[in-house]
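One letter stands for each residue in the lines below.
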Amino acid sequence: MKFHTEYLTFNTKKHREYVHITPQVEAAVGKSGVREGMVLVSAMHITAGVWVNDNESGLIGDIDEWLEKLAPFREDYRHHQTGESNGDSHLKSLLVHHQVILPITAGRLDLGPWQAVFYAEFDGQRPKRVVIKVMGE
Amino acid sequence: MKFHTEYLTFNTKKHREYVHITPQVEAAVGKSGVREGMVLVSAMHITAGVWVNDNESGLIGDIDEWLEKLAPFREDYRHHQTGESNGDSHLKSLLVHHQVILPITAGRLDLGPWQAVFYAEFDGQRPKRVVIKVMGE
Amino acid sequence: MKFHTEYLTFNTKKHREYVHITPQVEAAVGKSGVREGMVLVSAMHITAGVWVNDNESGLIGDIDEWLEKLAPFREDYRHHQTGESNGDSHLKSLLVHHQVILPITAGRLDLGPWQAVFYAEFDGQRPKRVVIKVMGE
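Let me sum up the structure you'll find in this document. (Residues numbered from 1 in each chain as written. Chains lettered and ligands numbered in written order. Predicted model: local features only at pLDDT ≥ 70, side-chain atom pairs only at ≥ 80, totals over all residues. Heavy atoms only, no water.)

## Quick word on the relation of the copies chain B and chain C
The condition is simple: Least-squares fitting of one copy onto the other uses the C-alpha atoms of those residues that reach a pLDDT of at least 70 in both copies.
Aligned on chain C, chain B shows an RMSD of 0.0 Å; the corresponding rotation is 120 degrees and the shift along the axis is 0.0 Å. With respect to symmetry, the two chain copies, as superposed, fit the operation of a three-fold axis. Using C-alpha coordinates, one finds that chain B approaches the rotation axis most closely at Leu95(B), a distance of 3.6 Å.

See the structure below:
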């Protein structure tokens, strides 16, 4: 059984930003030598998400606007009494989930034609990590 | 270590439809011969979801209404400038997540008594796929 | 390949309650003897969730208020025609997802510094279970 673990670090320019990371996940699978198995892609922070969806900039804008509507920035979150100002970033992370697990078949990511992996940064402008863990044979 | 991969194809009659697929997942686990492990059930499209919840038709109606409220159809999504009209389907997919992973213990799906696996179609009336990947011993 | 399965039972005092379970997950990983692999933490009920986020009481209060806003208790859910009164609990479970999968590296949960695992009870005051399944080498 083979395992391969690596960490990606993102330091986005904007407070919220969506980064296409399918190529990095594919590269990790290639390095692992795994032909059959699964790869976990998981944010290591509680104000970020990882999702699989379309790599289309208009949709990314729609998602961003929608998340701000459902989990808006507000001054008065209880969490802000700790000195933080990112209560909404935590809620956005919960809404989209912080991880995906992708099947590996015949040595490749077994994704549908439009499926792309995204790192969703909800409180950026500082270094943040994602763990990629490949497991299989 | 054993692996078993199969693909289900759905071509729903309605634009949005919720299909109970526990029997298909159980059958895949049976075919795999895996006694201990996990099975990933994951939509291969970006306008569909997979969830575990109750197989009760009233609740399914509630979920559908709730999803339309939180992620409504709108004419003016940016995504529609590409010629698509399914912006809301992408948002619904993100909200409920597109995959689940189920434990296998003693050769069976290790689910609670009311847990049922559903394929959630948010943009149907055309063939769409789900991957089932079993991994274990 | 090693597997370790255990079940936690919660009987919360309140209808909705959020229980920090990182120590229990760490203990399960320790018992498993797995050095490299993954651990699935999954609610076995359809009115509960499992998430990874901050162990900060103010934020927990924010999350609870936010979930009640997005998936409110209502008398008139169709599901209540079955005699149930927990339609909102099902919707809250779908919103936050019912499971996480955590990487294990060098014998330890490979989490970021603020990541904590929570069991989210949305319809408590009765015994409910979570399955922990460790898989690896």
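## What to know about the environment of Ala71(B)
Note the threshold: Secondary structure is summarised from DSSP: a helix means a run of H or I of at least four residues, a strand means a run of E of at least two, and numbering begins at the N terminus for each. Only heavy atoms enter the contact rule, under which two residues are in contact if any of them lie within 4.5 Å.
On the secondary structure map, Ala71(B) appears in the loop between helix 2 (57–70) and helix 3 (87–96). In this view, Ala71(B) contacts Trp66(A), Tyr77(B), Asp88(B), Leu91(B) and Lys92(B); residues no more than four positions away in its chain are not counted.

## Points about the environment of His20(B)
Residues and elements named next belong to chain B. Formally: Within 3.5 Å is the distance limit for a polar contact, defined as a pair of N or O atoms, with the added protein rule that one can donate a hydrogen and the other accept it, and that residues adjacent in sequence qualify only through two side-chain atoms.
Position of His20 relative to the elements: it lies in strand 2 (residues 17–20). Each C-alpha atom of the pair His20 and Tyr119 lies 6.5 Å from the other, and the pair is 99 residues apart in sequence. Separated by 2.7 Å, the side chains of His20 and Thr22 make a polar contact.

## Concerning the interface of chain B and chain C
For the record, the criterion: Note on definitions: buried area is the accessible-area loss of two parts on being combined, 1.4 Å probe, summed for both. Think of a salt bridge as a Lys or Arg side-chain nitrogen and an Asp or Glu carboxyl oxygen that are within 4 Å of each other.
Listed per partner, the contact involves 35 residues of chain B and 30 residues of chain C. Interface of chain B and chain C: buried area, both sides summed, is about 2,900 Å²; carbon and sulfur atoms make up 64% of it. When the area that chain B buries against chain C is broken down by residue, the three leading residues are Met38(B), Asp62(B) and Trp66(B), summing to 21%. Where chain B packs against chain C, one counts four salt bridges.

## Here we look at the sheet that holds strand 5 (residues 99–105) of chain B
Residues and elements named next belong to chain B. Under the convention used in this document: When DSSP finds two or more bridges between two strands, those strands count as paired. Between the N-to-C directions of two axes lies an angle of 0 to 180 degrees, each axis being a line fitted to C-alpha atoms and, for a helix, fitted only over the stretch in contact.
On the basis of which strands lie adjacent, the open sheet formed by five strands has the order 1-8-3-5-6 and antiparallel pairing. Edge strands, defined here as strands with exactly one partner in the open sheet, are strand 1 (2–10) and strand 6 (108–109). Sheet analysis places strand 1 next to strand 8 (residues 128–136), joined by nine bridges and oriented antiparallel. Each residue of the ladder has a partner; that of His4, found in strand 8, is Val134. Where helix 1 (residues 22–32) meets the sheet, it contacts strand 1, strand 3 (37–43), strand 5, strand 6 and strand 8, and its direction lies at approximately 150 degrees from that of strand 1.

## Topic: the sheet that holds strand 2 (residues 17–20) of chain A
Residue and element names in this part refer to chain A. A sheet is described by the order of its strands in space; here three strands give the open sequence 2-7-4, paired in antiparallel fashion. In the strand order of this sheet, the two ends are held by strand 2 and strand 4 (48–53), each with one partner. Ignoring which end each strand starts from, the neighbouring axes of this sheet average 25 degrees apart. Judged from the six bridges that link them, strand 4 and strand 7 (residues 116–121) form a sheet pairing that is antiparallel. Residue Asn53 lies in a different strand from strand 7, and its bridge partner there is Ala116.

## Remarks on helix 2 of chain B
Residue and element names in this part refer to chain B. Definition in use: By definition here, a helix of n residues has an expected span of 1.5 Å times n minus one. The classification of residues rests on relative accessible area computed with a 1.4 Å probe and restricted to protein chains. Under 20% of the type maximum is buried, over 50% is exposed, and intermediate values are partly exposed.
An ideal rise of 1.5 Å per residue puts 20 Å on 14 residues; helix 2 measures up with 20 Å between its terminal C-alpha atoms. The complete set of buried residues in helix 2 reads Gly58, Leu59, Ile60, Asp62, Ile63, Asp64, Trp66, Leu67 and Leu70. Capping the start of helix 2, Glu56 holds a side-chain oxygen 2.8 Å from the backbone nitrogen of Gly58, two or three residues further along.

## Observations concerning the interface of chain B and chain A
The following threshold applies: Under the scheme applied here, ten amino acids are nonpolar (Ala, Val, Leu, Ile, Met, Phe, Trp, Tyr, Cys and Pro), four are charged (Asp, Glu, Lys and Arg), and all others, including Gly, are polar.
Between chain B and chain A, the residue contacts involve 30 residues of the former and 35 residues of the latter. Buried surface at the junction of chain B and chain A, summed over both partners, amounts to about 2,900 Å²; 64% is from carbon and sulfur atoms. Three residues stand out in chain B for area buried against chain A, namely Ile46(B), Arg78(B) and Leu94(B), and they jointly supply 23% of the buried area on that side. Here chain B is connected to chain A by four salt bridges. The salt bridge involving Lys133(B) is made with Glu36(A); its shortest N-O contact spans 2.7 Å. Along the contact surface separating chain B from chain A lie 15 residue pairs in polar contact (both at pLDDT 80 or more). Breaking the side of chain B that touches chain A down by element, the ones donating at least two residues are strand 1, strand 3, helix 3, strand 5 and strand 8 of chain B. If you tally residues by element for the side of chain B that touches chain A, the top one is helix 3 of chain B, at six residues. Grouping the constituent residues of the side of chain B that touches chain A by class yields 17 nonpolar, ten polar and three charged.

## Description of the packing of helix 2 (residues 57–70) of chain A against helix 3 (residues 87–96) of chain A
Residues and elements named next belong to chain A. In plain terms, the rule: Left-handed describes a crossing whose near helix is turned anticlockwise from the far helix through less than a right angle; right-handed describes the clockwise counterpart.
Relative to each other, helix 2 and helix 3 sit at 115 degrees, their axes nearing to 10 Å. Judged by the twist between their axes, the crossing of helix 2 over helix 3 is right-handed. Residues Trp66, Leu67, Glu68 and Leu70 of helix 2 form the contact with helix 3, whose participating residues are Asp88, Lys92, Leu95 and Val96. When the residues that make up the contact of helix 2 with helix 3 are grouped by side-chain class, the tally is five nonpolar, no polar and three charged.

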